[in-house]
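Listed here are the chains, written in short residue letters.
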Amino acid sequence: MTESRMLTGWGRTAPSAARVITGADDEALIAAVLGAGPRGLLARGSGRAYGDVAQNAGGVIVDMTRRARIVSWDARQGVVTVESGVTLDRLLRTVVPAGWCLPVIPGTGHVTVGGAIAADVHGKNHGSQGGFGAHVLAFDLLTGNGSVRTATPGSEVFQATVGGMGLTGVVLRATLRLIPVTTAWVRVTRQRAGRLDSVLAGLMTADHAVAWLDLSRTGARTGRGVLTLGSPAEPDELPPGTDPLAYAAVRSSPALAVPVSPLFRPQVIGAANSVIYRRAPSVPRSVARPMADYFFPLDRVIAWNRAYGRGGFVQYQFVLPHDAAETLHRVITMLASADRGVSLAVLKRLGPGGSGLLSFPTAGWTLAADLPACTALADRLDRLDRLVAGAGGRVYLAKDARLRPDVLTAMYPKLARFRAVRRALDPAGIFTSDLARRLSL
Amino acid sequence: MIDALGVPQSVLLLGGTSEIGLAIVDRYLDRRPVRVVLAGRPSERLDSAVARLTARATRVDTVDFDAKDLASQQTALQQSFSAGDIDVAIVAFGVLGDQPAPENDPATAAHLATVNFTAAMNVGIILARAMRRQGHGVIVALSSVAAVRPRHSNFIYGATKAGMDAFYRGLADSLDGSGVDVLVVRAGPVRTRMTAHLPDRPLTSSPEAVAAAVTEAVWRRRTVLWTPRSMRIIAWIIRLLPRRLLRKVP
Ligand SMILES: Cc1cc2nc3c(=O)[nH]c(=O)nc-3n(C[C@H](O)[C@H](O)[C@H](O)COP(=O)(O)OP(=O)(O)OC[C@H]3O[C@@H](n4cnc5c(N)ncnc54)[C@H](O)[C@@H]3O)c2cc1C
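Residues numbered from 1 in each chain as written. Chains lettered and ligands numbered in written order. Predicted model: local features only at pLDDT ≥ 70, side-chain atom pairs only at ≥ 80, totals over all residues. Heavy atoms only, no water.

Observations concerning unusual backbone geometry
Then, number 1: Cis geometry is found at the peptide bond from Thr227 of chain B to Pro228 of chain B, where omega equals -5°.
Then, number 2: Within the element layout of this structure, Pro228 of chain B appears in the loop between β7 (224–227) and α8 (230–240).
Then, number 3: The phi torsion at Ser440 of chain A lies on the positive side, around 45°, for a residue other than glycine.
Then, number 4: You can see Ser440 of chain A is positioned in the segment after α13 (434–438).
Then, number 5: One non-glycine residue with positive phi stands out, namely Arg221 of chain B, at about 55°.
Then, number 6: Relative to the helices and strands, Arg221 of chain B resides in the loop between α7 (207–219) and β7.
Then, number 7: Looking at Arg221 of chain B, the relative accessible area reads 24%, which means it is partly exposed. (Helix = DSSP H or I, 4+ residues; strand = E, 2+ residues; numbered from the N terminus. Buried < 20%, exposed > 50% of the residue type's maximum accessible area, 1.4 Å probe, protein only.)

Notes on the nonpolar core
Then, number 1: Among the nonpolar cores identified, the biggest contains 120 residues, and Val113, Phe132, Phe318, Leu335 and Leu347 of chain A are the most heavily contacted of them.
Then, number 2: The leading source of residues in this core is helix α10 (residues 377–390) of chain A, at 7 residues.
Then, number 3: Excluding residues that lie within four positions of it along the chain, Val113 of chain A makes contacts with Val82, Ser84, Val86, Leu88, Leu91, Phe132, Ala174 and Leu176 of chain A.
Then, number 4: Among the nonpolar cores identified, the runner-up in size contains 35 residues, and Leu13, Ile24, Leu142 and Ala187 of chain B belong to it. (Core = buried A, V, L, I, M, F, W, Y, C linked by side-chain atoms within 4.5 Å. Contact = heavy atoms within 4.5 Å.)

Here we look at the sheet that holds strand β2 (residues 16–22) of chain A
Residues and elements named next belong to chain A.
Then, number 1: Pairing is mixed in the open sheet, where 4 strands are placed in the order β1-β2-β4-β3. The strands lining the two open edges of the sheet, one partner per strand, are β1 (2–7) and β3 (41–44). Neighbouring strand axes in the sheet, compared pairwise and without regard to direction, differ in orientation by 35° on average.
Then, number 2: Pairing between β1 and β2: 6 bridges, direction antiparallel. (Pairing = 2+ DSSP bridges. Axes fitted to C-alpha atoms, helices over the stretch in contact; angles between N-to-C directions.)

Thoughts on the site of the ligand
All names here are of chain A.
Then, number 1: In the vicinity of the ligand there are 36 residues, among which Ala43, Gly45, Arg48, Thr112 and His122 approach most closely.
Then, number 2: With respect to the ligand, the side chain of Ser84 contributes an N or O atom lying 3.1 Å from a nitrogen atom.
Then, number 3: Relative to its unbound accessible area of 960 Å², the ligand is 97% covered by the protein chains.
Then, number 4: If you list the elements that add at least two residues to the shell around the ligand, you get β3, α3 (113–118) and β10 (170–177). (Near = heavy atom within 4 Å. Polar contact = N/O pair within 3.5 Å; in protein donor to acceptor, adjacent residues only side chain to side chain. Areas by Shrake-Rupley, 256 points an atom, 1.4 Å probe, with all protein chains shown as cover.)

Describing the packing of helix α1 (residues 19–31) of chain B against helix α2 (residues 44–54) of chain B
Residues and elements named next belong to chain B.
Then, number 1: Their axes nearest at 12 Å, the elements α1 and α2 cross at an angle of 10°. In terms of their interaxial angle, α1 and α2 are classed as roughly parallel. Where α1 abuts α2, its residues Leu22, Val25, Asp26 and Leu29 lie against Ala49, Arg52 and Leu53.
Then, number 2: Taken together, the residues of the contact of α1 with α2 break down into 5 nonpolar, no polar and 2 charged. (Parallel < 35°, antiparallel > 145°, perpendicular 65-115°, else oblique. Nonpolar A, V, L, I, M, F, W, Y, C, P; charged D, E, K, R; others polar.)

Structural notes on the pairing of strand β3 (residues 59–64) of chain B
Residues and elements named next belong to chain B.
Then, number 1: By the bridge criterion, 6 bridges tie strand β2 (residues 35–40) to β3 in an arrangement that is parallel. Directly across from Gly40, in β3, lies its bridge partner Asp64.
Then, number 2: Traced from β2 through α2 to β3, the parallel crossover comes out right-handed. (Right-handed = clockwise from strand over helix to strand, strands pointing away.)

Quick notes on the interface of chain B and chain A
One frequent convention defines the size of an interface as the accessible area lost when the parts assemble.
Then, number 1: Listed per partner, the contact involves 21 residues of chain B and 30 residues of chain A.
Then, number 2: For the pair chain B and chain A, the summed buried surface comes to about 2,000 Å²; carbon and sulfur atoms form 56% of the total.
Then, number 3: Ranking the residues of chain B by area buried against chain A places Leu5, Arg32 and Arg221 of chain B at the top, with a combined share of 31%.
Then, number 4: Run the count over chain B and chain A and you get 2 salt bridges.
Then, number 5: Here chain B is connected to chain A by 12 residue pairs in polar contact (both at pLDDT 80 or more).
Then, number 6: Listed by contribution, the elements that provide at least two residues to the side of chain B that touches chain A are α5 (106–134) and α7 of chain B.
Then, number 7: Across the side of chain B that touches chain A, the residue classes tally to 6 nonpolar, 7 polar and 8 charged. (Buried area = accessible area lost by both parts, 1.4 Å probe. Salt bridge = Lys/Arg side-chain N within 4 Å of Asp/Glu carboxyl O.)

What to know about the sheet that holds strand β8 (residues 136–142) of chain A
Note: strands within a sheet are paired through backbone hydrogen bonds, in either parallel or antiparallel orientation.
Residue and element names in this part refer to chain A.
Then, number 1: Taking strand neighbours across the sheet as the criterion, the 5 strands line up as β5-β6-β10-β8-β9 in an open arrangement whose pairing is antiparallel. The two strands at the open ends of the sheet, each matched to only one other strand, are β5 (70–74) and β9 (148–151). Across the sheet, the axes of successive neighbouring strands diverge by a mean angle of 10°, strand direction being ignored.
Then, number 2: Note that β8 and β9 share 4 bridges and pair antiparallel. Looking across to β9, one finds that Asp140 is bridged to Thr150.
Then, number 3: Each of β8, β9 and β10 is contacted by helix α1 (residues 26–34), which is oriented at about 130° to β10, the strand it contacts most.

A look at the pattern of salt bridges
All names here are of chain A.
Then, number 1: Throughout the structure, instances matching the rule amount to 29 salt bridges over all chains.
Then, number 2: A salt bridge links Asp140 to Arg173; the shortest N-O distance between them is 3.1 Å. Of this pair, Asp140 sits in strand β8 while Arg173 sits in strand β10, placing them 33 residues apart in sequence. As far as the burial class goes, Asp140 and Arg173 line up, both buried.
Then, number 3: Its salt-bridge partner being Arg224, residue Asp214 comes within 3.0 Å of it at the nearest N-O pair.

As for the side chain of Thr160 of chain B
Residue and element names in this part refer to chain B.
Then, number 1: By the secondary structure assignment, Thr160 is in helix α6 (residues 155–174).
Then, number 2: One polar contact links Thr160 to Asn116, side chain to side chain, over a distance of 3.1 Å.
Then, number 3: Setting aside its immediate chain neighbours within four residues, Thr160 contacts Leu112, Ala113, Asn116 and Phe117.

What follows is the structure, given as structure tokens:
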């Protein structure tokens, strides 16, 4: 089925129109690639990327979410082959009861396997497990000439596609390696930390670690936050009578009916932040939680992105090397004084980068800040881009909706190689996106 | 592409020496280097605009464009899109035609209609088609408060702008769902070359102020912009006044 539709990313900014093809089988997809017009074609998953990376103005979008079958599943070896439109949540429902789990899980269960490969997504445990791509054993890629190639780690096609934002072709199926678990629960330890430095120190202390930051304070308290550390829960920690491997999906409440964007004012955000901070325990406190509750806290509210109203929001996510702590402080201070405030800020630690040529993760600190969109933000974020690039850091393209194009090569040193592989794979330039046009990728 | 915070990569100015148009281009260039296409008749003023913008733009191209010559406009616009997508197209050409000249001379009045209305409509149709193909873009049409509130010293100009204004509002509706937005700018008096010989009227603003309001409205994907904003209320109040009283206003 084909229909013309306006699309945006999760941030609901910069809409563009595309012809959307839904639910096609391999043959129909091949025909779509061969028949793509001058504006090209792009695969789209659940549209959870924040910016315009899953949009293709005037061209074709193939919506992969109907291609969501589990093709084969080896519960003895912990290896699963799926169609790329399957969501991580759906996959967990299948594998967790058999004692297996995805090694890398991002902050929402709604992303598809295709989207997770295309962005080489990271979890809260990047230091020990690397990115999503590190656990992909193979995938089938539909390329620009209509042929399907199987790519395995080490090949150039693989490296350009992992983190390649859909620009090398359409991932049709992927084979993933899982890790064993004894329960579907996580021991979650929360504690507040009064200064940014203690937040950073806390993030070093566990495999799974994330910190919520309060960017409404000034001075020494800028970047105080709440640490959430996770580790696998043992069966004896669970509430009595629980089936240890039963996977409980997040129970979500319906969308907010009205945009609460008028509430996104620095004063209101500041007050809310204070409440969150004060309610967090001052000494570490641990409880066992179902894994979905731990991994996907934002999935509890359906379509929370609509709360920002018509203007939408942008997420600025960057990584800075560990030795650039001073720049991190500066960037956080500059973000904290953004005109309309920072509605949500999350800090994580990343380990060394993987093999993806355009993959985001590199060793260091990564901060993701949600900012209600307004034109005054443009200059501020442009200045931050310079600081981040200058300190050897980079901005995450899966979140990007406004990067300065001139800093891209500094941020992604393997860009030239990516371009060469992409050109060889897709000489006619079939696969393209709004992001690719905007940044002249 | 226009990014999430309203920064475009390319801007086309039809009426390449229009002061308001150039102020909008400058406003975008204040943020980031963008590709600029100036469409206008070859002139010294056009050359000096190119020279001035070149230092800040990623690239400046010119295209021969004559608002009087409808037959040539298809080609001129094709050329304007030849180097890639146009994110923002500003329809800024127009003539004021100080009355009473056009009142006494139908040829002058017809000339005003050709440039301000017929050409603007011709261009709008061609732009809409090109941008529909792109799946994104914004057309900024410089209308005037006179389109809504013609005074007896400028009603012929006002009539031509009223036609243009109605056309672009209709175009905005017809482009719904295409990814293309249209912004109709109803500017009050603006201090420009075109009005330099006239005395400043109340609420006169500058090209820079109009440009700031336009770039913000483009980002907000608005369809009609009154600038200054109070113009909207004034126009509304005036509509309630009896015609006999209005005739006294010059
Ligand atoms: C609440 C929330 C939390 C998040 N947390 C994290 C996090 O912790 N870590 C992290 O790394 N990211 C995170 N993200 C970002 C998200 O994981 C990525 O943007 C991911 O790519 C989204 O997948 P998707 O299926 O929605 O793909 P889309 O957003 O639809 O597309 C994203 C990219 O993938 C490409 N793509 C999709 N399917 C295919 C396919 N089959 N073949 C080829 N290319 C394809 C698209 O072309 C596009 O370039 C979060 C997003 C949200 C909304």
